[in-house]
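Now for the letters of each chain:
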Amino acid sequence: MAKHFKTAITTALCLLAAHPFSSALTFTVPNKVGTGGYFYAPLDPAPIAISFEFFAFPSYFTNVTATQQCLANWKALTGVWPPIRIGGTTQDRAQYDSNTSAYVVYSVADAKDAPSALTFGSKFMTLAGTYEGGVVVGLNRGKNEIENTIAAAKVAVSKVKNLLAIELGNEPEYWVKDGQPITSDVNWTPATDAASQNDWNVRVGSAVGITNIIQAGNWNEAPPKWGAAQLITAENKTVKSYVRHYAHHNYPGGSIQSLMSHSAISKNIHTFDADIAAARAIGKQYVFGETNSVSGGGAAGVSPTFGAGLWTMDYALRATYSNISRTYFHHGTVGNCQYCFWGRYSMGAPYYGAYAAVALMAGASHLTALDSGSTNYAAYATFDSRGLPLRVILYNSDYFAGSGTRTTQSFTLTGLTSSTVRAKRLTAASATSRVDQGSPPSFGGQQFDNGSCAMSGTETFETTPVSGGQATFSVKATEALLVYLQ
């Protein structure tokens, strides 16, 4: 008996060495919205959205099979199509041509390049109008040809039945460098850009005969120099009446490890606190109108990885918790896009993170963060229309690159009311795993097929007993776990 006892101890010690646990973190799940001293963010029906580069949009909708299915996968969870935004650098290179029958007209030396100039016709807007979800359309302000932009805006209003908003210009802080004509005769500063935005917002809004139609701002440089707070102070009542949302762009960048760090994500989102507050103070939504991991289409060693997928999940949730109503993840040139969630032939690991975040928030009315945002460990809870707890997601952002010991963090949830709970695990071999290198992640045992975005595999739930209103879960480094409370 003593020999068997010694063997058991040795086996247990070996298991602990292979999967060392940190002491459990304990989070209390509030029993209802408004309790426990937490902040509860109201949720948009589809807080996670997609941005398409202006010139590439027709290709995504006509030549990339996965597009409709990837969007439909989210609709299957939420009941609504995710919003899309059509815009980016090429919107300020694009001019409307009422005579062309093509979606877009341009030429490039290499298919991986973005065009330096292009035209588009009404067919472009007709295609946008086929989408069943909300659509934001970005139009040209940089060329300083407002009559052409007004003509395009009128077509957008006519053809895009689910038009959410019109953007007038993309990242205007870079227009001097880009040689955009609107900056040629002025000292282009945040103040002169604000004056230009205000003028164009009123003139375009008046021309289409609609208030509450403009998505204003659209800068990439961090506030406060370029930001909604400074823009709002320059707006009068008339201008404000035409603005529907204030938008900012954000590309945090960095290594996989720094990108996926929960505390770093929280710190990055806090950059926008004052702008969010300024927009909400006048009753307007604030959105990330264009965002992704690393600017310029992404970084090959960072953006397609599972670590970037976990960043996508946590970043979208922290943004939503911070009262950023929607987060539009940008998709650039087809075939030359490291951060894209999908392409013609391969899925991207970031789609898995986005899907997990959508699954947490689907059908929920509110979201709260149970953690402080100051460590590597995150816990978010969502609540149903009655205000009752719906789901919790647990995230361990400790970095695991595939070699050595993969540590495990224990999370204890208290305040649970059922006898058992089920969970789905978001995992991969390591933070550096990539779908296009044969190492796809999985969510609840399932994956998304390359080329089609169809879900495959057997849906797998883990069941955990609840005792005394609490349950403990193990989450490995570079993993997340979605716990279903109903």
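Residues numbered from 1 in each chain as written. Predicted model: local features only at pLDDT ≥ 70, side-chain atom pairs only at ≥ 80, totals over all residues. Heavy atoms only, no water.

Trainee: How would you sum up the overall build of the protein? Please name residues and give values.
Mentor: Check the secondary structure of the protein and you find 14 helices and 24 strands. The globule rule puts the C-alpha radius of gyration for 486 residues at 23 Å, and the 24 Å found for the protein is close to it. When its C-alpha atoms are laid out on the principal axes, the protein stretches across 90 × 50 × 40 Å. Per-residue burial for the protein yields a buried fraction of 58% across its 486 residues. A separation threshold of at least 6 residues defines the contact pool for the protein, and within that pool the share at least 24 residues apart is 77%. (Helix = DSSP H or I, 4+ residues; strand = E, 2+ residues; numbered from the N terminus. Rg over C-alpha atoms; globule rule 2.2 N^0.38 Å. Buried < 20%, exposed > 50% of the residue type's maximum accessible area, 1.4 Å probe, protein only. Contact = heavy atoms within 4.5 Å.)

Trainee: Requested: an account of the side chain of Asp-384, with residues and values cited.
Mentor: Residue placement: Asp-384 occurs in the loop between strand S15 (377-383) and strand S16 (389-396). Asp-384 gets classed as buried once you look at its relative accessible area, which sits at 7%. Ignoring anything within four residues of it in the chain, the contact list for Asp-384 reads Ser-365, Leu-390 and Gln-486.

Trainee: Quick rundown of the state of the cysteines? Include the residues and the values.
Mentor: All told, the structure shown has two disulfides when counted by the stated rule. A sulfur-sulfur distance of 2.1 Å marks the disulfide that ties Cys-70 to Cys-453. Residues Cys-70 and Cys-453 are joined through a disulfide that is right-handed, its torsion about the S-S bond being 110°. Here the residue Cys-70 occupies a position in helix H3 (residues 66-78), and Cys-453 occupies one in the loop between strand S20 (447-448) and strand S21 (455-456), the gap between them amounting to 383 residues. (Disulfide = S-S within 2.5 Å.)

Trainee: Kindly report on the packing of helix H13 (residues 306-321) against helix H14 (residues 349-361), identifying the contributing residues and their values.
Mentor: Two elements in contact, H13 and H14, have axes whose closest approach is 6 Å; the angle formed by their N-to-C orientations is 30°. Compared by their axis directions, H13 and H14 come out roughly parallel. The handedness of the crossing between H13 and H14 is right-handed. Each of Phe-306, Ala-308, Gly-309, Thr-312, Met-313, Leu-317 and Thr-320 in H13 lies in contact with H14, whose residues at this interface are Ala-349, Pro-350, Gly-353, Ala-354, Ala-356, Ala-357, Leu-360 and Met-361. Counted by class, the contact of H13 with H14 contains eleven nonpolar, four polar and no charged residues. (Axes fitted to C-alpha atoms, helices over the stretch in contact; angles between N-to-C directions. Parallel < 35°, antiparallel > 145°, perpendicular 65-115°, else oblique. Left-handed = near helix turned anticlockwise from the far one by under 90°. Nonpolar A, V, L, I, M, F, W, Y, C, P; charged D, E, K, R; others polar.)

Trainee: Tell me about the UniProt feature "domain: Beta-glucuronidase C-terminal" (unreviewed entry) in the protein, and name the residues and values.
Mentor: The residues that UniProt annotates with the feature "domain: Beta-glucuronidase C-terminal" (unreviewed entry) are residues 379-482. Note that residues 379-482 is 0% helix and 47% strand, and that its end C-alpha atoms are spaced 10 Å apart. (UniProt positions renumbered as here; feature names shortened; annotations may be inferred.)

Trainee: Quick rundown of empty space enclosed by the protein? Include the residues and the values.
Mentor: Under the defined criterion, the tally for this structure stands at two cavities of 30 Å³ or more. Its volume calculated, the largest cavity comes out at about 60 Å³. Taken together, Pro-45, Ala-46, Pro-47, Ile-48, Trp-74, Thr-78, Val-80, Pro-82, Ala-357, Val-358, Met-361 and Ala-362 make up the lining of the largest cavity. At the level of secondary structure, the elements contributing two or more residues to the lining of the largest cavity comprise H3 and H14. Residues of the lining of the largest cavity, tallied by class, amount to eleven nonpolar, one polar and no charged. Empty space within the second largest cavity amounts to approximately 40 Å³. Looking at the second largest cavity, the residues that line it are Phe-54, Gln-91, Ala-94, Tyr-96, Phe-120, Gly-138, Leu-139, Asn-140, Asn-148, Thr-149 and Ala-152. Secondary structure elements with two or more residues in the lining of the second largest cavity: strand S5 (94-96), strand S8 (135-139) and helix H5 (146-159). Residue contributions to the lining of the second largest cavity peak at three residues, all from H5. (1 Å grid on protein atoms, 1.4 Å probe; cavity = no way out; pocket = protein on both sides within 12 Å on 5 of 7 lines; lining within 4 Å. Points joined across faces, edges and corners; volume = space filled by probe spheres on them.)

Trainee: Break down the pairing of strand S12 (residues 285-291) for me, with residues and values.
Mentor: Within a regular strand, side chains alternate between the sheet's two faces. The buried count for S12 comes to six of seven residues, which makes it a mostly enclosed element. Bridge count between strand S11 (residues 243-250) and S12: six bridges; the pairing is parallel. Within the sheet, the bridge partner assigned to Asn-250 lies in S12 and is Thr-291. Sheet topology places S12 next to strand S13 (residues 327-331); two bridges connect them, and they run parallel. By the bridge assignment, Thr-291 is partnered in S13 with Phe-329. After leaving S12, the chain enters H13 and then returns to the sheet as S13, a path that is right-handed. (Pairing = 2+ DSSP bridges. Right-handed = clockwise from strand over helix to strand, strands pointing away.)

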